[in-house]
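Results of the structural survey
Chain by chain, the residues run as shown.
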Amino acid sequence: MNLIVAADRNWAIGKDNKLLVSIPADMKFFRETTSGHVVVMGRKTLESFPNGQPLKNRTNIVLTKNRQYRAEGAIVVHSMEELLEELKKYPSEEIYVIGGDSIYRQLLPYCSIAHVTKIDHAYEADTYFPNLDEMPNWEIAGDSEEQTYFDLEYRFILFQNKDPQKL
């Protein structure tokens, strides 16, 4: 299983249920990487999308405790057990965890690859991603050249989990 995230230098990923910054190259990378695959998210992440609609050209799976929650065009599950059972239907390399923070934290041990857009800036934030640099089982497997968007510097970093849990 994979995950994809954009994080600032403090591993912050959001504020008020919004991304910290929108970088066109990062958005393009996200679109191209996840298109045609399975994306796993929490309810608030889905609701943060334009019109709260599932992402096109992807199988959208939403985890929420709210048993009344429905999302047209998405598979809705209500527990971690139900989610893991649903994910067994898909090849692991086709699955991308896309947030938010509690979904990332719950599924991180199962992920073998993390695509991190690391932004060299510290934002005011209320949502954070676990610091992979401090986790011994995660190592950098790839790193892009530094990119810039106006005065913002960022890079695409590929992390690999040396010992992911099996679904």
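Everything here concerns the structure above.
Let me begin by describing the structure that accompanies this report. (Residues numbered from 1 in each chain as written. Predicted model: local features only at pLDDT ≥ 70, side-chain atom pairs only at ≥ 80, totals over all residues. Heavy atoms only, no water.)

Describing the packing of aromatic side chains
Evaluation of the coordinates by the stated rule reveals six aromatic pairs. Aromatic pair Tyr149 and Phe150: ring centres 4.8 Å apart, planes at 65°, arrangement edge-to-face. The class for Phe150 is exposed, based on a relative accessible area of 72%. An aromatic cluster of three or more residues is present, and its members are Trp11, Tyr104, Phe129 and Phe159. Sitting over the ring of Trp11, Lys118 keeps its end group 4.3 Å from the ring centre. (Phe/Tyr/Trp six-rings, centres within 6.5 Å; stacked < 30°, edge-to-face > 60°. Buried < 20%, exposed > 50% of the residue type's maximum accessible area, 1.4 Å probe, protein only. Lys NZ or Arg CZ within 6 Å of the ring centre and 35° of its normal.)

What about the nonpolar core?
One finds Leu3, Leu83, Leu107, Phe129 and Leu132 to be the most contacted residues of the largest nonpolar core, which totals 30 residues. Every element with two or more residues in this core is listed here: strand 1 (2-7), strand 4 (38-42), strand 5 (59-63), helix 3 (80-87), strand 7 (95-99), helix 4 (101-107), strand 8 (113-119) and strand 12 (152-161). For this core, the element with the most residues is helix 3, which contributes four residues. When neighbours within four sequence positions are excluded, Leu107 is seen to be in contact with Met1, Val40, Met80, Leu83, Leu84 and Val97. (Core = buried A, V, L, I, M, F, W, Y, C linked by side-chain atoms within 4.5 Å. Helix = DSSP H or I, 4+ residues; strand = E, 2+ residues; numbered from the N terminus. Contact = heavy atoms within 4.5 Å.)

Some thoughts on the pattern of salt bridges
Should the charged atoms of two oppositely charged side chains come close, the side chains can pair. Under the definition given, this model contains nine salt bridges. Lys88 serves as the salt-bridge partner of Glu85, at 3.3 Å between the closest nitrogen and oxygen. Residues Lys89 and Glu86 are paired through a salt bridge, measuring 2.9 Å at the closest nitrogen-oxygen approach. Judged by relative accessible area, Lys89 falls into the exposed class, the value being 60%. Taking relative accessible area as the criterion, Glu86 reaches 12% and is therefore assigned buried. Within the structure, one salt-bridge network assembled from shared partners comprises Lys15, Asp16 and Glu124. (Salt bridge = Lys/Arg side-chain N within 4 Å of Asp/Glu carboxyl O.)

Focus: empty space enclosed by the protein
Following the criterion strictly, the structure yields one cavity of 30 Å³ or more and no others. The volume enclosed by the largest cavity comes to roughly 40 Å³. Around the largest cavity, the lining residues are Ala6, Ala7, Asp8, Ala12, Ile13, Leu19, Leu20, Val21 and Ile119. Elements supplying a minimum of two residues to the lining of the largest cavity: strand 1 and strand 2 (12-15). Considering only residue class, the lining of the largest cavity consists of eight nonpolar, no polar and one charged. (1 Å grid on protein atoms, 1.4 Å probe; cavity = no way out; pocket = protein on both sides within 12 Å on 5 of 7 lines; lining within 4 Å. Points joined across faces, edges and corners; volume = space filled by probe spheres on them. Nonpolar A, V, L, I, M, F, W, Y, C, P; charged D, E, K, R; others polar.)

Quick notes on the sheet that holds strand 2
The three strands are arranged 3-2-9 in an open sheet whose pairing can be described as antiparallel. Here the strands that pair on one side only, and so sit at the sheet edges, are strand 3 (18-19) and strand 9 (127-128). Across two bridges, strand 2 lies against strand 9 in antiparallel orientation. When the bridges of strand 9 are listed, Gly14 appears paired with Thr127. (Pairing = 2+ DSSP bridges.)

Some details on the environment of Ser92
Locating Ser92 in the fold gives a position in the loop between helix 3 and strand 7. Through-space distance from the C-alpha of Ser92 to that of Asn66 is 26 Å; in sequence the pair is 26 residues apart.

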